Amino acid sequence: MRAALLRRSPGSLLAMALLAVLSLGVSGTARADLPVDYNFFAGIPYELANPGGSLPGANDWSCKPTAAHPDPVVLIHGTAGGAQTNWGAYAPLLANEGYCVYSLTYGSLDVPWPLSAMGGMKPIPESAAQLGAFVDRVLAATGAPKVDFIAHSQGNTVGNYYIKRAGGHGKVDKFVAIAPPWLGLFGDSMNMLRAFGKQLGADADAVDNMISAGVCQACPQMLGNSSFVNALNADGIYDPTVSYTNVASNFDEAVWPSVALVPAPNVVNILVQSDCATDFSDHMAIAGSRRVAADALNALDPAHPRAVPCVFIPPFTG
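Residues numbered from 1 in each chain as written. Predicted model: local features only at pLDDT ≥ 70, side-chain atom pairs only at ≥ 80, totals over all residues. Heavy atoms only, no water.

**Student:** So what's going on with the side chain of Ser127? Residues and values would help.
**Tutor:** Along the chain, Ser127 falls in helix H5 (residues 124-142). For Ser127, a relative accessible area of 0% translates into the label buried. (Helix = DSSP H or I, 4+ residues; strand = E, 2+ residues; numbered from the N terminus. Buried < 20%, exposed > 50% of the residue type's maximum accessible area, 1.4 Å probe, protein only.)

In structure tokens form, the structure reads like this:
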């Protein structure tokens, strides 16, 4: 084989090279070759260097989905996260895999940078409206009929509110939910605090609003058994037309497995310790872990599963 290639003329080699280039143009966007740092904080240096910018591999508005990966992927950050700060591992990883990948900062306050880089502060319906406008832009740019979501923490609630209440029904195919607070932060334990507040003359919403400290308006909405969560879940947690993959950890400080891994026919639930005792992911690390990243790739492309390595995952960084 090698000898036969060496005997080819320079002209034939040039023709082969041209055909290779043309085949990339026909088949779609070529894969990137970007460094991937599996660390929850990997995106922060990019935000510091380019405030309000985009991570390598993200927000290429000329990207066209391939037949292998027809759905663009939208990354939805968690509370106080942003387009760059939450997704330092995922944007380059997905671009390397051949996906068109997009991320936004939603729900940020009208304050100077760097505080403006902290998203997820506004009420969830407002953030969902911003997400909806962003999804529409992605669909228009790529020509795709649907997107896939990868979300972390509050981003799951924002994404699900968009699907169920803000015009997103029929626009999302797969939803990879990392630490999703479907039943609310801290679950039923919030009822004890509300009962104590009631003895002092404060109703449940007043107790919940104390959590916001006047800054994070979304935070009380996400609490277990809050009026917001209960209303959102009144017709069921999930949209039946979306395929969900929930990923949770025993060491998450606020989104416990009992809150995140709610079963349903269109849901795959993954507890990261179920097959790896050395995974110590907490609420932040779970969004930087190489193991969860592999789970996410499998959820996006279940026809081509890959092994999920059991390696040591430290807390905080992943």
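Moving on, there is more to tell.
**Student:** I'd like to hear about helix H11 (residues 290-300), residue by residue, with values.
**Tutor:** Most of H11 sits out of view: 10 of its 11 residues are buried. All of the buried residues along H11 are Arg291, Val292, Ala293, Ala294, Asp295, Ala296, Leu297, Asn298, Ala299 and Leu300. Of the surrounding secondary structure, the elements contacted by the buried residues of H11 are strand S1 (73-76), helix H4 (90-96), strand S3 (147-152), strand S4 (172-178), strand S5 (243-248) and strand S6 (267-271). With a side-chain oxygen lying 3.0 Å from the backbone nitrogen of Arg291, the N-terminal cap of H11 falls on Ser289. (Contact = heavy atoms within 4.5 Å. Polar contact = N/O pair within 3.5 Å; in protein donor to acceptor, adjacent residues only side chain to side chain.)

**Student:** Explain unusual backbone geometry residue by residue, including any values.
**Tutor:** Most peptide bonds take the trans form, and the phi angle of most residues other than glycine is negative. Omega for the bond connecting Trp113 with Pro114 falls within 30 degrees of zero, at 15°, which places this linkage in the cis form. Here Pro114 shows up in the loop between strand S2 (101-103) and H5. At Phe186, a residue that is not glycine, the phi angle is positive and equals roughly 70°. By relative accessible area, Phe186 is classed as partly exposed at 32%. The phi dihedral of Asn225 falls on the positive side, at around 60°, and the residue is not glycine. Among the secondary structure elements, Asn225 is positioned in the loop between helix H8 (204-209) and helix H9 (227-232). Its relative accessible area of 30% is what places Asn225 among the partly exposed residues.

**Student:** So what's going on with the nonpolar core? Which residues, and what values?
**Tutor:** The nonpolar side chains of a soluble globular protein tend to be buried with one another. Of all hydrophobic cores here, the largest spans 75 residues; its most connected members are Tyr90, Phe149 and Ile150. Broken down by element, this core gets its largest block of residues, seven residues, from H5. Apart from residues no more than four positions distant in its own chain, Tyr90 is found in contact with Leu75, Ile150, Ile178, Ala287, Ser289, Val292, Ala293 and Ala296. (Core = buried A, V, L, I, M, F, W, Y, C linked by side-chain atoms within 4.5 Å.)

**Student:** Requested: an account of the state of the cysteines, with residues and values cited.
**Tutor:** In total, this model carries three disulfides according to the counting rule given. Paired through a disulfide, Cys216 and Cys219 show a sulfur-sulfur distance of 2.0 Å. What sets the handedness of the Cys216 and Cys219 disulfide is the S-S torsion sign, and at about 90° it is right-handed. The connectivity of the disulfides in the chain is 1-2, 3-4, 5-6, where the numbers refer to bonded cysteines in sequence order. (Disulfide = S-S within 2.5 Å.)

**Student:** Lay out the sheet that holds S6 with the relevant residues and their values.
**Tutor:** Backbone hydrogen bonds hold the strands of a sheet together, and the pairing may be parallel or antiparallel. Strand order in the open sheet formed by six strands is S2-S1-S3-S4-S5-S6, with parallel pairing between adjacent strands. Unpaired on one side and paired on the other, S2 and S6 mark the two borders of the sheet. Between one strand axis and the next, the sheet turns by 15° as a mean value, whatever way the strands run. Inspection of the sheet shows S1 paired to S3 by four bridges, in the parallel sense. Its bridge partner lying in S3, Val74 is registered against Phe149. Contacting S1, S3, S4 and S5, helix H6 (residues 154-165) runs over the sheet at an angle of about 155° to S4. Contacting S1, S3, S4, S5 and S6, H11 runs over the sheet at an angle of about 165° to S4. (Pairing = 2+ DSSP bridges. Axes fitted to C-alpha atoms, helices over the stretch in contact; angles between N-to-C directions.)

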